[in-house]
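# A look at the structure
Spelled out, the chains give:
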Amino acid sequence: MQPTSRFEESDWVTLHLDLASCVAEFLIRKYGAHWTVVSDPTGPVGFRYAIEANGIDGQTRRVDPIDVVA
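All residue numbers here refer to positions counted from 1 along the written sequence of the relevant chain. The predicted nature of this model means local features are confined to residues of pLDDT at least 70 and side-chain atom pairs, given and counted, to a pLDDT of 80 or more, with totals for whole chains, interfaces and linings taken over all residues. With hydrogens and water excluded, all non-hydrogen atoms of the structure serve as input to the side-chain values.

## Section: the pairing of strand β3 (residues 60–63)
The test is simple: Here, a strand pair is defined by DSSP locating no fewer than two bridges between the strands. To qualify as a helix, a DSSP run of H or I must reach at least 4 residues; to qualify as a strand, a run of E must reach at least 2; elements of each kind are numbered from the N terminus.
As defined by bridge partners, strand β2 (residues 47–54) adjoins β3 across four bridges and the pair is classed as antiparallel. Counted as the bridge partner of A53 is R61 from β3. Taking the residues between adjacent antiparallel strands as the criterion, β2 and β3 are bridged by five residues, where G58 takes a positive phi near 85 degrees.

Spelled out as structure tokens, the structure:
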């Protein structure tokens, strides 16, 4: 692997997507979370993917793994 100082934009995109995938997989395995589609009128396609799980308080929580990595 090359030093991050030599990363091009595509390298950063790949790294962020790989990390987001790991975050999602962790949440799925550890907390029984699952993927869901969430409305996003500000986005280019009008929706986005998120991970959803129930908290210990019974409330449903959603998070976009990309936001966690960013």
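Okay, back to it.
## Considerations on the sheet that holds strand β1 (residues 34–39)
Here is the rule: Fitted lines through C-alpha atoms serve as axes, helices being fitted only where they are in contact, and the angles separating the N-to-C directions of these axes extend from 0 to 180 degrees. Contact definition: two residues touch when any of their heavy atoms are within 4.5 Å.
One open sheet accounts for three strands, arranged β1-β2-β3; its pairing is antiparallel. Each having just a single partner strand, β1 and β3 make up the two edges of the open sheet. Strand after strand, the sheet turns through a mean of 45 degrees between neighbouring axes, direction not considered. Packed on one face of the sheet, helix α1 (residues 9–31) meets β1, β2 and β3 and runs near 30 degrees to β2.

## Structural notes on a nonpolar patch on the surface
Keep this limit in mind: By definition, no residue in a patch forms a salt bridge, and every one has over 30% relative accessible area; like charges are joined within 9 Å, nonpolar side chains (Val, Leu, Ile, Met, Phe, Trp, Tyr) within 5 Å. Here, Shrake-Rupley sampling with a 1.4 Å probe gives the accessible areas, and only protein chains in the shown set may cover a residue. Salt bridge, as applied in this entry: a Lys or Arg side-chain nitrogen positioned within 4 Å of an Asp or Glu carboxyl oxygen. Residue exposure (1.4 Å probe, protein chains only): buried if accessible area is under 20% of the type maximum, exposed if over 50%, otherwise partly exposed.
A grouping of W35, V37, V45, F47 and Y49 is seen on the molecular surface, where their side chains present a nonpolar patch of about 530 Å² in accessible area. Listing elements by their share of the nonpolar patch, those giving two or more residues are β1 and β2. Looking at the secondary structure, you find W35 in strand β1. For W35, a relative accessible area of 47% puts it in the partly exposed group.

## A short note on the packing of aromatic side chains
Selection rule: Stacked, tilted and edge-to-face are the three classes applied to pairs of Phe, Tyr and Trp rings, where Trp contributes its six-membered ring and a pair requires centres within 6.5 Å; stacked means planes under 30 degrees apart, edge-to-face means over 60, and tilted covers the rest.
Tallied over the full model, the rule gives three aromatic pairs. For the ring pair F26 and Y31, a centre distance of 6.1 Å and an interplane angle of 80 degrees mean the geometry is edge-to-face. Overall, F26 belongs to the partly exposed group, its relative accessible area being 47%. Taken together, a centroid distance of 5.7 Å and an interplanar angle of 90 degrees make the contact between F47 and Y49 edge-to-face. You can call F47 partly exposed: its relative accessible area is 34%.

Geometric descriptors of this kind do not, in isolation, establish any biological role.
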